[in-house]
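Each chain is listed here by its residues.
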Amino acid sequence: MSRIEIAEQFNVDAPACSNSRPIQIERHPESISSMRINNWSQFCDSVDAALVPLAKIKSLAKVTVVLFYISVLIVFGVMVILRIDVHLFRYFLVVYFPIALMYGIVYFYVRKNLASAMEKVKGTCEQHSTSSVCYRLESEHWGGCNKPHVKRWYIIVEENTASNDIDVEVGQQNTAAVDVSTYFSNPDEQKNSLHNPAATTTLADMLK
């Protein structure tokens, strides 16, 4: 069993700390090199294709939260500089409310699209799983003081070694199987050899 990371993920509650690199599966982990997986490259391509929309979603989340923090600083900065009375603060709330509403809409939009992309990755795992290998999408808590809904996603790869051994054994049997009829010059000779074992020519004799 091997754990494969999905690189460049972002914290949905703190996207301002994320980078601009695309979210992609780790293609060349050391643990995979020791496994006999035939469809690994195709699987990685499909996973990356499912994650492509998250690049724009991550950028949108980062820009939105940065603008939100800037607006908060501006509002409170103006209040401090102008020494606005607390009773007048309600007028600033009227201006601030649309900004907060927009942030909330984008926040839940980002969460929805993140969940949708991971559902596609889950479906990709199921589609590419075979009798010899199983792909499974898992998640864990992001860590730290983050809320329970903030998750980090990864993929578990399990190789069915028993199935691979059976395939190798069958292949060896097929390679070792020899059509005896090719060693006889005519059908009558083959028929006589079946009724008279002593007359059967061995492979060693024919190679002399």
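Scroll up to find the structure this text is about.
Now for a look at the structure at hand. (Residues numbered from 1 in each chain as written. Predicted model: local features only at pLDDT ≥ 70, side-chain atom pairs only at ≥ 80, totals over all residues. Heavy atoms only, no water.)

1. As for the sheet that holds strand β2 (residues 24–25)
Then comes step 1: Strand order in this open sheet of four strands is β2-β1-β4-β3, and the pairing throughout is antiparallel. The sheet is open, and its two borders are formed by β2 and β3 (133–141), each paired with just one other strand.
Then comes step 2: Two strands pair when backbone bridges link them, and strand β1 (residues 2–7) and β2 are joined in this way by two bridges, in the antiparallel orientation. Residue pairing for β2: Ala7 is matched across the bridge by Gln24. (Pairing = 2+ DSSP bridges. Helix = DSSP H or I, 4+ residues; strand = E, 2+ residues; numbered from the N terminus.)

2. Examining a nonpolar patch on the surface
Then comes step 1: A cluster of nonpolar side chains, namely Val63, Val66, Leu67, Ile70 and Ile74, defines an oily patch on the protein surface of about 430 Å² accessible area.
Then comes step 2: When you line up the elements, Val66 lands in helix α3 (residues 53–82). (Patch = residues over 30% accessible without salt bridge, like charges linked within 9 Å, V, L, I, M, F, W, Y side chains within 5 Å. Areas by Shrake-Rupley, 256 points an atom, 1.4 Å probe, with all protein chains shown as cover. Salt bridge = Lys/Arg side-chain N within 4 Å of Asp/Glu carboxyl O.)

3. Points about the packing of helix α2 (residues 40–51) against α3
Then comes step 1: Interhelical geometry of α2 versus α3 gives an angle of 35 degrees and a closest axis separation of 5 Å. Contact residues: Ala49, Ala50 and Leu51 in α2; Pro53, Leu54 and Ala55 in α3. (Axes fitted to C-alpha atoms, helices over the stretch in contact; angles between N-to-C directions. Contact = heavy atoms within 4.5 Å.)

4. Let's talk about the nonpolar core
Then comes step 1: Core analysis: the largest hydrophobic core is formed by 33 residues, its most contacted members being Trp40, Val121, Ile155 and Val157.
Then comes step 2: For this core, the secondary structure elements donating two or more residues are β1, α2, α3, α4 (89–128), β3 and β4 (151–159).
Then comes step 3: Per element, the largest residue contribution to this core is eight residues, and it comes from α4. (Core = buried A, V, L, I, M, F, W, Y, C linked by side-chain atoms within 4.5 Å. Buried < 20%, exposed > 50% of the residue type's maximum accessible area, 1.4 Å probe, protein only.)

5. Structural notes on α3
Then comes step 1: An ideal rise of 1.5 Å per residue puts 44 Å on 30 residues; α3 measures up with 44 Å between its terminal C-alpha atoms.
Then comes step 2: Listed as buried for α3 are Leu54, Ile57, Lys58, Ala61, Thr64, Val65, Phe68, Ser71, Val75 and Met79.
Then comes step 3: Where α3 ends, the next residue or the one after it, Arg83, has phi of about 50 degrees, a positive value. (Expected span 1.5 Å × (residues − 1).)

6. Looking at unusual backbone geometry
Then comes step 1: The residue Glu8 is not glycine, and still its phi comes out positive at about 65 degrees.
Then comes step 2: Secondary-structure assignment places Glu8 in the loop between β1 and β2.

7. Digging into the side chain of Thr124
Then comes step 1: One can find Thr124 in helix α4.
Then comes step 2: The exposure class assigned to Thr124 is buried, which follows from its relative accessible area of 8%.

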